[in-house]
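Chain and residue survey
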Amino acid sequence: MPLSAEQQAEIDEQRSQPGQTLRAVSPGMEQHLYKAQPVLDHGFVRVIDYMGDDAAICQAARVSYGRGTKSVQNDEGLIRYLMRHWHSTPFEMCEIKLHVKLPVFVARQWIRHRTANVNEYSARYSILDREFYIPAPEHINAQSVVNNQGRGGVLEGDEAARVLEILKADSHRCYDNYEQMISQDGQDGLARELARMNLPANVYTQWYWKVDLHNLFHFLRLRADAHAQYEIRVYADAICAMVADWVPAAYRAFEDYRLGGATMSGKALDCVRRMLKGEEVTQETSGMSKGEWREFMGVLNDPA
Ligand SMILES: Cc1cc2nc3c(=O)[nH]c(=O)nc-3n(C[C@H](O)[C@H](O)[C@H](O)COP(=O)(O)OP(=O)(O)OC[C@H]3O[C@@H](n4cnc5c(N)ncnc54)[C@H](O)[C@@H]3O)c2cc1C
């Protein structure tokens, strides 16, 4: 269970007291505010606060005195122009603050995105919960044979059962020892800041994470990508759904130019031009390496 009954009650209480404001409000985002969207077996992501909306991006781009918006069509055109031409600072005028509960090994990938503000749950001060990420059977895969940084087919039968058993047993044994070491029952009890080193990387942590929309899009571009590790991609997917409701026009532009688009090298672009003229281009005549050619073909035939 990602949330206890008390935690859910606190969220419900917070949502039951709407206030009045002169600030920009995104109706789509108001639906998400404070609610926890479950991710993985014990994780979640929830919006704690946000600033701005689609109009705020246009307002900043036009450096307006009032709301600065024109017609909806006009604003969407401007947002698409900004996204297309990497005029990114207007997107930085929108911000989001998330509360995320995630396994430590996912947090290690996430924290590499430095252009955000983070405050993590303190395992020096507090005792971590007995909560570990145990993958669902359909997400226990073999090592990929084509990509060293990826997974292949799903493990089956005895091997899958054995792996699951090892993951569960090791997690609980480590936690039993953690509890035993910090216990002050008949002993001094090891400091929490030391005892935590015995916990595995699938233990859950939590943080508040605040980021502007430009840097969030950069994060989502990398982590909602089909090649990102599944366990971080599901968080990125959940955030994408929230952003689509928060700033629909900006999200549509992001989906089109970044998520759905592709960057091409000069050589790749040259190949496309030659192909359009009817020339049969092969890897050997392309000037590209085998890897580059494979990825280029992937972009032309199947962007996923
Ligand atoms: C598929 C994949 C595989 C990866 N594999 C590995 C791996 O094997 N090992 C590993 O260590 N990491 C790996 N990473 C992490 C990756 O190298 C980046 O650290 C991570 O994606 C964060 O990207 P970023 O630095 O662009 O983001 P942010 O830290 O959010 O920075 C955003 C942008 O701000 C600028 N910026 C921020 N800080 C600085 C700075 N100090 N100096 C200059 N410019 C800055 C850069 O333009 C940067 O692109 C992987 C990431 C992905 C998506």
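Residues numbered from 1 in each chain as written. Predicted model: local features only at pLDDT ≥ 70, side-chain atom pairs only at ≥ 80, totals over all residues. Heavy atoms only, no water.

**Description of the overall build of the protein chain**
Counting its secondary structure elements, the protein chain contains 13 helices and seven strands. Each principal axis of the C-alpha distribution contributes one length, and for the protein chain these read about 80 × 60 × 30 Å. The burial tally for the protein chain puts 37% of its 304 residues in the buried class. Expressed as a percentage of contacts within the protein chain between residues at least 6 apart in sequence, the contacts between residues at least 24 apart total 68%. (Helix = DSSP H or I, 4+ residues; strand = E, 2+ residues; numbered from the N terminus. Buried < 20%, exposed > 50% of the residue type's maximum accessible area, 1.4 Å probe, protein only. Contact = heavy atoms within 4.5 Å.)

**Comments concerning the site of the ligand**
Taken together, Arg112, His113, Arg114, Thr115, Gln149, His218, Leu222 and Arg223 make up the full set of residues near the ligand. Arg112 is positioned with one of its side-chain polar atoms (N or O) 2.6 Å from an oxygen atom of the ligand. With respect to the ligand, the side chain of Thr115 contributes an N or O atom lying 2.5 Å from an oxygen atom. Alone, the ligand offers 940 Å² of accessible surface; in the complex the protein occludes 46% of this. Among the residues making up the shell around the ligand, the classes are represented as one nonpolar, four polar and three charged. (Near = heavy atom within 4 Å. Polar contact = N/O pair within 3.5 Å; in protein donor to acceptor, adjacent residues only side chain to side chain. Areas by Shrake-Rupley, 256 points an atom, 1.4 Å probe, with all protein chains shown as cover. Nonpolar A, V, L, I, M, F, W, Y, C, P; charged D, E, K, R; others polar.)

**So, the pattern of salt bridges**
Taken as a whole and assessed by the stated rule, the structure comprises 13 salt bridges. The shortest N-O distance in the salt bridge between Arg252 and Glu76 comes to 2.9 Å. One end of the pair, Arg252, is in helix H10 (residues 248–259); the other, Glu76, is in helix H4 (residues 72–84), with 176 residues separating them in the sequence. Across the pair Lys101 and Glu131 runs a salt bridge, and its minimum N-O distance is 2.6 Å. Here the residue Lys101 occupies a position in strand S3 (residues 95–103), and Glu131 occupies one in the loop between strand S4 (117–120) and strand S5 (141–143), the gap between them amounting to 30 residues. (Salt bridge = Lys/Arg side-chain N within 4 Å of Asp/Glu carboxyl O.)

**Things to note about a negative patch on the surface**
On the surface, Glu6, Glu10, Asp12 and Glu13 cluster together into a negatively charged patch. With respect to the element layout, Asp12 can be found in helix H1 (residues 5–15). The partly exposed category is assigned to Asp12, whose relative accessible area is 42%. (Patch = residues over 30% accessible without salt bridge, like charges linked within 9 Å, V, L, I, M, F, W, Y side chains within 5 Å. Lys, Arg positive; Asp, Glu negative; His and termini not counted. Charge placed at Lys NZ, Arg CZ, Asp CG, Glu CD.)

**Some remarks on unusual backbone geometry**
The backbone of Val63 shows a phi angle near 45°, a positive value even though the residue is not glycine. Relative to the helices and strands, Val63 is located in the loop between helix H3 (54–61) and H4. Even without being glycine, Trp86 reaches a positive phi, approximately 55°. By relative accessible area, which is 60% here, Trp86 ends up exposed.

**What about the sheet that holds strand S7 (residues 204–212)?**
Pairing is antiparallel in the open sheet, where five strands are placed in the order S1-S2-S3-S7-S4. Only two strands of the sheet have a single neighbouring strand rather than two, namely strand S1 (36–39) and S4. Taking the axes of each pair of neighbouring strands and ignoring which way they run, one obtains an average angle of 20° across the sheet. Along the sheet, helix H9 (residues 230–246) makes contact with S1, strand S2 (43–51), S3 and S7, crossing S2 at roughly 30°. (Pairing = 2+ DSSP bridges. Axes fitted to C-alpha atoms, helices over the stretch in contact; angles between N-to-C directions.)

**Details of the packing of aromatic side chains**
Taken as a whole and assessed by the stated rule, the structure comprises 13 aromatic pairs. Here Trp110 and Tyr235 contribute two aromatic rings whose centre-to-centre distance is 5.7 Å and whose plane-to-plane angle is 75°, an arrangement assigned as edge-to-face. In this pair, Trp110 sits in helix H5 (residues 104–110) while Tyr235 sits in helix H9, placing the two residues 125 residues apart along the sequence. The pair formed by Trp110 and Tyr235 is uniform in burial state, with each residue classed as buried. (Phe/Tyr/Trp six-rings, centres within 6.5 Å; stacked < 30°, edge-to-face > 60°.)

**Notes on the pairing of S2**
Counting buried positions along S2 gives seven out of nine residues, so the element sits mostly inside the fold. Both S1 and S2 contribute to a ladder of four bridges, which runs antiparallel. Residue pairing in the sheet places Ala36 in a bridge with Arg46 of S2. Between S1 and S2, which pair antiparallel in sequence order, lie three residues; one of them, Leu40, sits at a positive phi of approximately 55°.

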